[in-house]
Amino acid sequence: MTDPANEFENMTPDQILEMTQRLRIQTDQAQLLPPPADAEAEPANIPRSVKLTPTQDRRLKARAKERGMSQSEYLRWLVEQDLNKPVDRPLTLADLPLIVKLVRAQAA
């Protein structure tokens, strides 16, 4: 029986390279493995259909590449940038319940 730790000692670098080039990752099998017990559940992303003009699409691809991001990562980043900005708009009647709640909280 061959010791697995010493299996490569009798192989030339070319033989090792040839063998490693034949290796294939079987992702269909990997998906069958259960996640580690201590792994936190990762929330699933929700797919969205975004319609862009051809010019916008080219610019999106170029900017994402400049930033080293996928197009999806770049779009998520843009959304976060906008959502994290404070909203500067006039108050409307729709804001009234929130205003009442804030005033009551300050008075308490």
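Relevant structure appears above.
Residues numbered from 1 in each chain as written. Predicted model: local features only at pLDDT ≥ 70, side-chain atom pairs only at ≥ 80, totals over all residues. Heavy atoms only, no water.

### Structural notes on the pattern of salt bridges
Between side chains of opposite charge, pairing is possible as soon as their charged atoms come close. Within the structure shown, the criterion is met by 3 salt bridges. In this structure, Arg 22 and Glu 18 form a salt bridge, with 3.4 Å as the shortest nitrogen-oxygen distance. Taken together, the residues span about one helical turn, with Arg 22 and Glu 18 both in helix H1 (residues 13-22) at a distance of 4 residues. Of the two residues examined, Arg 22 and Glu 18, each falls in the exposed class. Linking Glu 66 and Arg 63 is a salt bridge whose minimum nitrogen-to-oxygen distance equals 3.5 Å. Remark: Arg 63 and Glu 66 occur in helix H3 (residues 54-66); sequence separation between them is 3 residues, near one turn of the helix. Given the relative accessible area of 40%, Arg 63 is considered partly exposed. (Salt bridge = Lys/Arg side-chain N within 4 Å of Asp/Glu carboxyl O. Helix = DSSP H or I, 4+ residues; strand = E, 2+ residues; numbered from the N terminus. Buried < 20%, exposed > 50% of the residue type's maximum accessible area, 1.4 Å probe, protein only.)

### What to know about the layout of surface pockets
Space inside the largest pocket adds up to approximately 370 Å³. Residue lining of the largest pocket: Ala 44, Asn 45, Ile 46, Pro 47, Arg 48, Val 50, Ser 72, Leu 75, Arg 76 and Val 79, and that is the complete set. Each residue belonging to the lining of the largest pocket can be placed in one class, and the counts come to 6 nonpolar, 2 polar and 2 charged. Roughly 210 Å³ of volume is contained in the second largest pocket. In terms of lining residues, the second largest pocket is bounded by Leu 52, Gln 56, Arg 59, Leu 60, Ala 62, Arg 63, Glu 66, Tyr 74, Leu 75 and Leu 78. At the level of secondary structure, the elements contributing two or more residues to the lining of the second largest pocket comprise H3 and helix H4 (71-83). The greatest single-element share of the lining of the second largest pocket, amounting to 6 residues, is contributed by H3. Considering only residue class, the lining of the second largest pocket consists of 6 nonpolar, 1 polar and 3 charged. (1 Å grid on protein atoms, 1.4 Å probe; cavity = no way out; pocket = protein on both sides within 12 Å on 5 of 7 lines; lining within 4 Å. Points joined across faces, edges and corners; volume = space filled by probe spheres on them. Nonpolar A, V, L, I, M, F, W, Y, C, P; charged D, E, K, R; others polar.)

### As for the packing of aromatic side chains
This structure, assessed with the given rule, holds 1 aromatic pair. Look at Tyr 74 and Trp 77: their rings are 6.0 Å apart centre to centre, the planes differ by 20 degrees, and that puts the pair in the stacked class. Taken together, the residues span about one helical turn, with Tyr 74 and Trp 77 both in helix H4 at a distance of 3 residues. Residue classification places Tyr 74 among the buried positions, given a relative accessible area of 10%. The exposure class of Trp 77 is partly exposed, given its relative accessible area of 29%. Sitting over the face of the ring of Trp 77, Arg 67 holds its NZ or CZ atom 4.2 Å from the ring centroid. (Phe/Tyr/Trp six-rings, centres within 6.5 Å; stacked < 30°, edge-to-face > 60°. Lys NZ or Arg CZ within 6 Å of the ring centre and 35° of its normal.)

Spatial relationships are all this shows, so hold off on functional conclusions.
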